[in-house]
Amino acid sequence: MEEIKIKATICVIILGLIVKLSVIEWLFCILFIGIVIATELINSSIEAVVDLISPNKNSLAKVAKDTASGAVLIFALTALVGGLIIFLPKVILLIGSWL
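Going along each chain's sequence as written, the residues are numbered from 1 onward. Thresholds applied to this predicted model are a pLDDT of at least 70 for local features of residues and 80 or more for the giving and counting of side-chain atom pairs; totals over whole chains, interfaces and linings are not thresholded and use all residues. Note that water and hydrogens are dropped before the side-chain values are worked out from all heavy atoms of the structure.

## Description of the packing of aromatic side chains
Given two aromatic rings, their pairing is described by the distance between the two centres and the angle made by the two planes.
And step 1. The aromatic pairing rule takes the rings of Phe, Tyr and Trp, using the six-membered ring of Trp, and pairs them if the centres are within 6.5 Å, calling planes under 30 degrees apart stacked, those over 60 edge-to-face and the rest tilted. Tallied over the full model, the rule gives one aromatic pair.
And step 2. Taken together, a centroid distance of 6.1 Å and an interplanar angle of 40 degrees make the contact between Phe 28 and Phe 32 tilted. Here Phe 28 and its partner Phe 32 are both found in helix H2 (residues 23-53), four residues apart, which amounts to about one turn of the helix.
And step 3. When a residue's accessible area, from a 1.4 Å probe over protein chains only, is under 20% of the maximum for its type it is buried; when over 50% it is exposed; and in between it is partly exposed. Among the residues examined, Phe 28 registers a relative accessible area of 42% and is labelled partly exposed.
And step 4. Since its relative accessible area comes to 18%, Phe 32 is described here as buried. Each helix is a run of H or I in the DSSP string that is no shorter than four residues. Each strand is a run of E no shorter than two, and both are numbered from the N terminus.

Put into structure tokens, the structure is as follows:
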């Protein structure tokens, strides 16, 4: 999963350079990337602590893990929507200029 995040980050940087993002757009992209990575790290920490405290199957442990994973998903979807808002108009203009 980390490999996908690294590839996505590299794609955002390359595409951002191609479409010449503004400073504000770069700040939002950096914020989106940072929040997704930070949330993933928090999720990993929660899962490790839950596994340490509750090595046997436990319904509350499952809730903790699922909730932390859900937070990662929500932030990732938010970053995706934010990225589309930033990049889609620029990519459409870029493609239109090639045609």
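More follows now that the structure is in view.
## Details of H2
And step 1. With 31 residues, H2 extends 45 Å between its outermost C-alpha atoms, agreeing within 8% with the 45 Å of an ideal straight helix rising 1.5 Å per residue.
And step 2. Of the positions making up H2, those classed as buried are Glu 25, Cys 29, Phe 32, Val 36, Thr 39, Glu 40, Asn 43 and Val 50.
And step 3. Lining the buried residues of H2 we find helix H1 (2-19) and helix H3 (59-98). A helix is expected to span 1.5 Å multiplied by its residue count minus one. Contacts are assigned to residue pairs with any non-hydrogen atoms lying within 4.5 Å of each other.

The values reported here are purely geometric and, on their own, carry no functional implication.
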